[in-house]
Amino acid sequence: MSFALYIIGFILIIGGIAWTLVAAGVAMFKIAIVCIILLGIGILSGVVHTRPKDPPRGPLA
């Protein structure tokens, strides 16, 4: 899976969570904090999950 696709999916999830919090009457400042934290988690997990595997090392000579 590509990084861009991973982030787009995560942004959709963040949007749904933000919409739910707005409907629940949570303060906008708190919603912004939650969205920024989730975006950071999404970027970190996207990098980890889409990073190519390291090639195996040859024998030590």
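That block above? That's the structure.
A.B. asks: For this particular structure, what's the right way to read the packing of helix α1 (residues 3-23) against helix α2 (residues 28-50)?
C.D. replies: Packed helices, taken two at a time, are described by their axes: the angle between them and the distance between them. At a closest axis distance of 9 Å, the pairing of α1 and α2 adopts a crossing angle of 160°. With respect to α2, the axis of α1 lies roughly antiparallel. Like other packed secondary-structure pairs, α1 and α2 cross with a definite hand, here right-handed.

A.B. asks: I keep staring at the environment of C35 and nothing clicks. Help me out?
C.D. replies: Turning to its location among the elements, C35 is positioned in helix α2. In the structure, C35 is positioned 17 residues away from A18 in sequence and 7.1 Å away in space, judged by C-alpha atoms.

A.B. asks: Sorry, what's going on with the side chain of S45 here?
C.D. replies: With respect to the helices, strands and loops of the structure, S45 is situated in helix α2. With near-sequence residues (within four places) excluded, S45 lies in contact with Y6 and F10.

A.B. asks: Just checking my understanding: could you explain the nonpolar core for this structure?
C.D. replies: One broad trend across soluble globular proteins is that nonpolar side chains are buried collectively. Judged by nonpolar contacts, Y6, F10, I14, A18, I31, C35 and L38 together constitute the single largest core of seven residues. The element best represented in this core is α1, accounting for four residues. The contacts of A18, once residues within four sequence positions are left out, are I31 and C35.

A.B. asks: Sorry, what's going on with the environment of L38 here?
C.D. replies: Among the structural elements, L38 can be located in helix α2. Distance from L38 to W19, taken between C-alpha atoms, is 14 Å for residues 19 residues apart in sequence. With near-sequence residues (within four places) excluded, L38 lies in contact with F10, I14 and I17.

A.B. asks: Which parts of the structure should I look at to understand a nonpolar patch on the surface?
C.D. replies: Where nonpolar side chains cluster on the molecular surface, the patch consists of F3, I11, L39, I43 and V47 and spans about 400 Å² of accessible area. Considering each element in turn, the nonpolar patch owes the most residues, three residues, to α2. As for its position among the elements, V47 is in helix α2. You can call V47 partly exposed: its relative accessible area is 43%.

What counts and what doesn't
Residues numbered from 1 in each chain as written. Predicted model: local features only at pLDDT ≥ 70, side-chain atom pairs only at ≥ 80, totals over all residues. Heavy atoms only, no water. Axes fitted to C-alpha atoms, helices over the stretch in contact; angles between N-to-C directions. Helix = DSSP H or I, 4+ residues; strand = E, 2+ residues; numbered from the N terminus. Parallel < 35°, antiparallel > 145°, perpendicular 65-115°, else oblique. Left-handed = near helix turned anticlockwise from the far one by under 90°. Contact = heavy atoms within 4.5 Å. Core = buried A, V, L, I, M, F, W, Y, C linked by side-chain atoms within 4.5 Å. Buried < 20%, exposed > 50% of the residue type's maximum accessible area, 1.4 Å probe, protein only. Patch = residues over 30% accessible without salt bridge, like charges linked within 9 Å, V, L, I, M, F, W, Y side chains within 5 Å. Areas by Shrake-Rupley, 256 points an atom, 1.4 Å probe, with all protein chains shown as cover. Salt bridge = Lys/Arg side-chain N within 4 Å of Asp/Glu carboxyl O.

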